[in-house]
Amino acid sequence: MSPRPLEAVLRFAYVNGYTCEKWAEPTRQCLKKGDRKTTIELCELLLNRFFAQTRVSEPLLERYVAYAITGNEDLAQQQQQQQQFEAGECLIPPPIFLTCLVKCIETTAIQNPRQWAHILKCLPTVLSVVNADQIVSDLLNEKPNNEWPRILCNVFIMLSRLVAVGLYRDYYAKDNGAPLSSTMMAMEHEMATATQQQAASQLNNTQPGGSSLPFNFTMSQPSAFDPDATIDLAAFAEEPVSTEAIGSIDGHYSAHDSTQSTMMDSERIESSNAIRAAQIIVDLIENRSAKRIFEMMNNQQQRTEKKEARHAEEPWATCQAILAVPSSQASVSSADMSQNTHIQKLLLMINRLTDRDLDRRMAVHLKYQELEDEGTARALPSAGLMGYLYHMVQIRPGLSDDYIIDCLSKLQIIKGAFDESFFLEIWFAALTGLREASIGLYKPESLSKKENQQEQTISNSGKLDVITATNSLLWRNLVLVKVPYLIKKLQERKGSDDAKAYVKRPDGLAEGQEYNSLESSLAELHSFAGLLNGCSSPMATFEFFASSTSSKLFDKMTSGTNEEEEDDFMKLINDMGSTVDLNTAAVAKAIKNVGNEEIFTSIVRVCQDYGFVRDNVAQTLLKNATPSTKQEDNDQGFDIDMLDLDGGDAKQHHKNEDVEILTKNVEDRMNAIKENISRSAITELLHIAIVSMIHTRRIIDFVIELLVEKAEMRDIYSLARICDALNKCPPIIDVIGQLYHPVTILGPLEQMCNHWKPADSEMELDGRSGFDSPSDEDTDGVQVLYGKYGKIWTLIILVLNKFNLYVNIDSVFSEVDGFCYQFFTQGPLIYGRDVEDLAMDQFIRQWQTALLGDGISDDLLRFSTPQQLLQAAPTLLQRSILVYENGQIDNDTLLGIISYFQEKFLNFTLFPGIVSMLCDDVLAHNVSIAIMCLHQLLMSGNPPDMLLQLCGSSILGALLSLAEQRKQERIVAGLPAHHESSNSNNDSNNESGWEAQLNILQNHIKTNLGIEETNEQRQHHTETISTRVTCDNLSRKAQEMFRYIVKSGRSMFMRDVDADVVALWDASKAPKQVITHYLDMVMFQTVLDIGGPHWFVDMIVNEVLEAGKSGGAVRAAELGSCLITTPLARSADLDSSCSNLLRCLLQDIIPASLKKHASANASFFQGQTLGVFTSDCLVLMHDRGHDQEREFVHEFGHQFFETLVVDSENAPQMIHVKHDSTVTNGLVGALGRWPDMVIESPVWRGFLKGLMSNPLINESWPNTFI
């Protein structure tokens, strides 16, 4: 329908002063003949004419507008009858009116303050039709043409613009083209002549349809003032229009007379509009649930579009940008307006809505405030963080970086922690473990300056063992290498530029200094001197590891040569010679200085190297961290530090020079290794990595890249030297496994071990350039190649043993048909008994003939392969033993065969094949012969260096089992129990020869492995790294450890811990050379393997509920969720996987526990603690792992939340959303119904509240809670 009839009707009614009812009657007839488009045209017609008047108000037109959109021309009566507002009776429905109105804001916000004052009076009535429940329901049901969310978004932007105009009038007036004062003066001058123009214009308005009427509408928004449109309303009105009836929305503001157009009056109108607009915005948010509508809209978009919600759909960011102080305005023009309570409330509310993390932090703050009482104050570090960081050191293989970053980011959101406090908790957790690991270390004899008697006492009381030294090294690597790297990745995941996110610290170390979050955390960390001072330097572990492998670098560090004289001498040699000496005294001194640095100094330097800490801040932190040293030998007796000699700065400069010297030396070593690879050069580089943690990752990356490069080139000589260096320094393999997955090492070696044969490599004839040790010179010919292959194979066995990868070979080796995969999945085979293979039988006969004859020739080696020899070795020894049993060979011949396998080029066949076969014979076959062979293998001839390290535990286990078997046999036979003693001369005559060898072997292995057993442990082998934990008390100790970490948490206010834990902080009370950590993840891993998933989860839930009653609720929820969602199982068995633990929790333990505690009248607080724990488990498991695991967790969570929708007043406000299941019921399982007794109990209500307190539940499972 053409707008001409609507325009004619409106013009005629307006000129003749018709009432609203008279104007509305013909207008409705026109609308009935049209459609929605006609209604839009009517709305645009009214608004265009309404906003055409920029100087004065037009009461009649205002009444038309009010009647068209509200159905009532009297605003005072409208305010009283707001609840009876019927949108269907209005000429213009609210959605259409609001859609057209928001288009006018850009051009009219400055020019038409009086018109907007009238519109704002009508808006509350128009917006009263907003029904959040109905809109949300339409969004959930995905009804088409749901326009309200978009309309409300534009309304918020429109109202924010009006508020901004009232706040910053001068700025917007200037932006409109003229200052506000000049605009007001022009308006006054034009209105003074308005009456004179009205008479002349009235003469031309006698024809309703004439185009010359001042009622000349345009269908577009007005962009400028039209002087011809000004009409004297009094000349056309049939009766005077009272403006008193048009009241404000809250009764505090009244309409202004149209003739009062002074600048002060205009300012008052704009201020009134701003306040009224702010009130409307606040009302929409607080009473109309606008925030909920926008959240539901974004959730639906995320659900339908399968991507991250587009937060730009919400108006909050746009509103904040509009309400922000203009950059060109130095100060706010209206101080009174900025102090208005409604304006302040609006600004605060918008700031909160734009801060996505604020809601989470507020929710988490309330949760922690409710769960923690005064007696169980939150302690640092958090139990959840301790669980993850201790897992990185104690459980092998470790977690992937992506997994850890995902857990840390979720944990920070769950805790609601700012970056500064969260980083501080990470440092606390890592340093706590390092402090505990440092207790068992002692100062080595060569580095100690104590008296000889004291040194002898220390050496006798506690000798440093490889387990203690490796544990300390791993914790130091975690603090200085792993944690900074994780913080870097965590910041990259957030996408925040932390270098610019400075936090003002008025009490900072430097005046006016601004710190970013990490710098601030380090500044706070420095105040915890007790924790930092308890972390020892790495020099003790360095000397322990370096002493086992001689190198020029270690000799230089331990020599007593005058360093200054040697520096000059070495400089002279370097100038005269053509080669560069990389082991100068200056380098050795730099390594010592870096190794003896305080832990805080090392942390700052590593973070500075990563770019987290700026150079000037690092200098400030290190300057304050440098202790004030006094000259004790000063004869004058005064403190030299009182003199301003910049001694601290000089010391820091010297330390910086040490790092620079070491960095340059590392680069030179890498370049030299690339040109000529040698085992000694790589060993020295690895020794530097143990001491200087700032270079650790760089060195390890270089070694791995070199390993991959040489493996791809199939250069067995270079590859063997790299592997030999790693074999000689086993702790560095532990460090590599902490930073990367062990497959990083095994992957490049798999192809070489699967397919290499002697014919693939040529012999080196360059004067023994391939030998790195004198022992290698005993081999020649093809034996050299077998020896090189043996070093590669030894590294593979070492990595598999260290990280317990036998249980999941599928994740280690990719070539299923390859030798490595088949060898470790089938195990050592005895051909002729376990399997029949004619080709292998012929190979074995050839080697057996050679072993019993003239020996192994080069031709036999050349036409054989190491892979065949590894497969045949157990059968060769087993058949030799059978020949010995039949008396065909004597004792010396059998031992000679074993000695032959000890040769350098064949010793790699001992592990695991030959050793496994002998261990089986110890328990199942001829015991005496097997023990005799083991005695020859371990204590005679030339046993391999790695034999005890790789197979010592297996051999000891077999020997202990045999000893226990003999003990039980004696008990059954009624013989005295003291026959089991291996240290009694009186009983030695009653023992056979092999029994004596059995005891000798046990003592030999225990001595070399550093195993010491107390009287309580003689029968039961220690299960974990903790002390006094046996099979009998494992479950009890695990529960006690969980309870202690919950109740104490390293808090100075809570000391409910046993004496052993207290002894951790007092070196005088701690046992020597014992690894005793406050949190032992290996114990939880062991109790999960032995007790099973159901007992494990039930134990955690019971402790969580107990903590809800006795204190420590938050710590119990954090530690429990960490144990459930962090992989602990040693094998690939799905029963102990995290997914199965979650299924067991939600499907069995939670329903049973709620039912049990509901009948016992458990408290609301216990249920809330259980709910927080359950929600943490769900969130931490969500969107993690492979695709099948993700689908399972997502679907299982959906089904669990659906079971919570019950027909009860105690049920949560949940939406039962129908969704398409992507996982079969067989995989998910069935979830039962909740009994009425549970639903009506306080523990149920608390459980639901705890679930809803997690801010990530609705993000992970949209539309779960309202």
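Residues numbered from 1 in each chain as written. Predicted model: local features only at pLDDT ≥ 70, side-chain atom pairs only at ≥ 80, totals over all residues. Heavy atoms only, no water.

## With respect to the overall build of the chain
Of regular secondary structure, the chain possesses 61 helices and 2 strands. Within the chain, buried positions represent 54% of all 1266 residues. When the accessible surface of the chain is summed, it comes to about 56800 Å², and 49% of that surface belongs to carbon and sulfur atoms. (Helix = DSSP H or I, 4+ residues; strand = E, 2+ residues; numbered from the N terminus. Buried < 20%, exposed > 50% of the residue type's maximum accessible area, 1.4 Å probe, protein only. Areas by Shrake-Rupley, 256 points an atom, 1.4 Å probe, with all protein chains shown as cover.)

## A short note on the nonpolar core
In terms of nonpolar packing, the biggest core is built from 264 residues, with Trp-793 and Phe-1084 touching the most fellow members. Per-element tally for this core: the top contributor is helix α40 (residues 782–802), with 13 residues. For Phe-1084, the residues in contact, after removing those within four places along its chain, are Ala-1038, Met-1041, Phe-1042, Leu-1079, Phe-1096, Met-1099, Leu-1123 and Leu-1128. In terms of nonpolar packing, the next biggest core, distinct from the first, is built from 89 residues, Ala-24, Ile-105, Val-165 and Ile-275 among them. (Core = buried A, V, L, I, M, F, W, Y, C linked by side-chain atoms within 4.5 Å. Contact = heavy atoms within 4.5 Å.)

## Considering unusual backbone geometry
Omega for the bond connecting Arg-396 with Pro-397 falls within 30 degrees of zero, at -5°, which places this linkage in the cis form. Relative to the elements of secondary structure, Pro-397 occurs in the loop between α21 (383–394) and α22 (401–415). Phi is positive for Ser-289, close to 55°, though the residue is something other than glycine. Here Ser-289 lies in the loop between α15 (263–286) and α16 (290–305).

## Some remarks on the packing of helix α48 (residues 947–973) against helix α49 (residues 993–1009)
At their nearest, the axes of α48 and α49 sit 10 Å apart, and the two run at 140° to each other. Put simply, α48 runs oblique to α49. Where α48 crosses over α49, the handedness of that crossing is left-handed. Contact residues: Leu-948, Gly-952, Ser-953, Ile-955, Leu-956, Leu-959, Leu-960, Leu-962, Ala-963, Arg-966 and Arg-970 in α48; Trp-994, Glu-995, Leu-998, Leu-1001, Gln-1002, His-1004, Ile-1005, Lys-1006, Asn-1008 and Leu-1009 in α49. Its residues placed into classes, the contact of α48 with α49 shows 12 nonpolar, 5 polar and 4 charged. (Axes fitted to C-alpha atoms, helices over the stretch in contact; angles between N-to-C directions. Parallel < 35°, antiparallel > 145°, perpendicular 65-115°, else oblique. Left-handed = near helix turned anticlockwise from the far one by under 90°. Nonpolar A, V, L, I, M, F, W, Y, C, P; charged D, E, K, R; others polar.)

## Some remarks on helix α6 (residues 94–101)
Among the 8 residues in α6, 7 count as buried, and that is most of the element. Within α6, the full set of buried residues consists of Pro-94, Pro-95, Ile-96, Phe-97, Leu-98, Cys-100 and Leu-101. Structurally, α6 contributes buried residues whose contacts are with α3 (36–50), α4 (59–70), α7 (105–108), α8 (113–127) and α10 (148–167).

## Description of the packing of aromatic side chains
Counting across every chain of the model gives 27 aromatic pairs. Where Phe-1200 meets Phe-1247, the ring centres are 6.5 Å apart and the plane angle is 85°; that geometry is what we call edge-to-face. Residue Phe-1200 is located in helix α57 (residues 1187–1203), and its partner Phe-1247 is located in helix α60 (residues 1242–1252); the two are separated by 47 residues in the primary sequence. Just as Phe-1200 is buried, Phe-1247 falls in that class too. Ring-pair connections join several aromatic residues into one group, and the members of that group are Trp-793, Tyr-806, Phe-813, Phe-819, Phe-823 and Phe-824. Sitting over the face of the ring of Tyr-485, Arg-697 holds its NZ or CZ atom 3.9 Å from the ring centroid. (Phe/Tyr/Trp six-rings, centres within 6.5 Å; stacked < 30°, edge-to-face > 60°. Lys NZ or Arg CZ within 6 Å of the ring centre and 35° of its normal.)

## Comments concerning the pattern of salt bridges
Taken as a whole, this structure holds 33 salt bridges when the rule is applied. Note that Arg-161 and Glu-106 form a salt bridge whose closest N and O atoms lie 2.9 Å from each other. Here Glu-106 lies in helix α7 and Arg-161 lies in helix α10, a separation of 55 residues in the sequence. For Arg-161, a relative accessible area of 14% translates into the label buried. Judged by its relative accessible area of 55%, Glu-106 is exposed. Between Glu-969 and Arg-966 there is a salt bridge, with the nearest N and O atoms lying 3.1 Å from each other. Here Arg-966 and Glu-969 lie together in helix α48, a separation of 3 residues that amounts to about one turn. Salt bridges sharing partners connect three or more residues here, namely Arg-966, Glu-969, Arg-970 and Glu-995. (Salt bridge = Lys/Arg side-chain N within 4 Å of Asp/Glu carboxyl O.)

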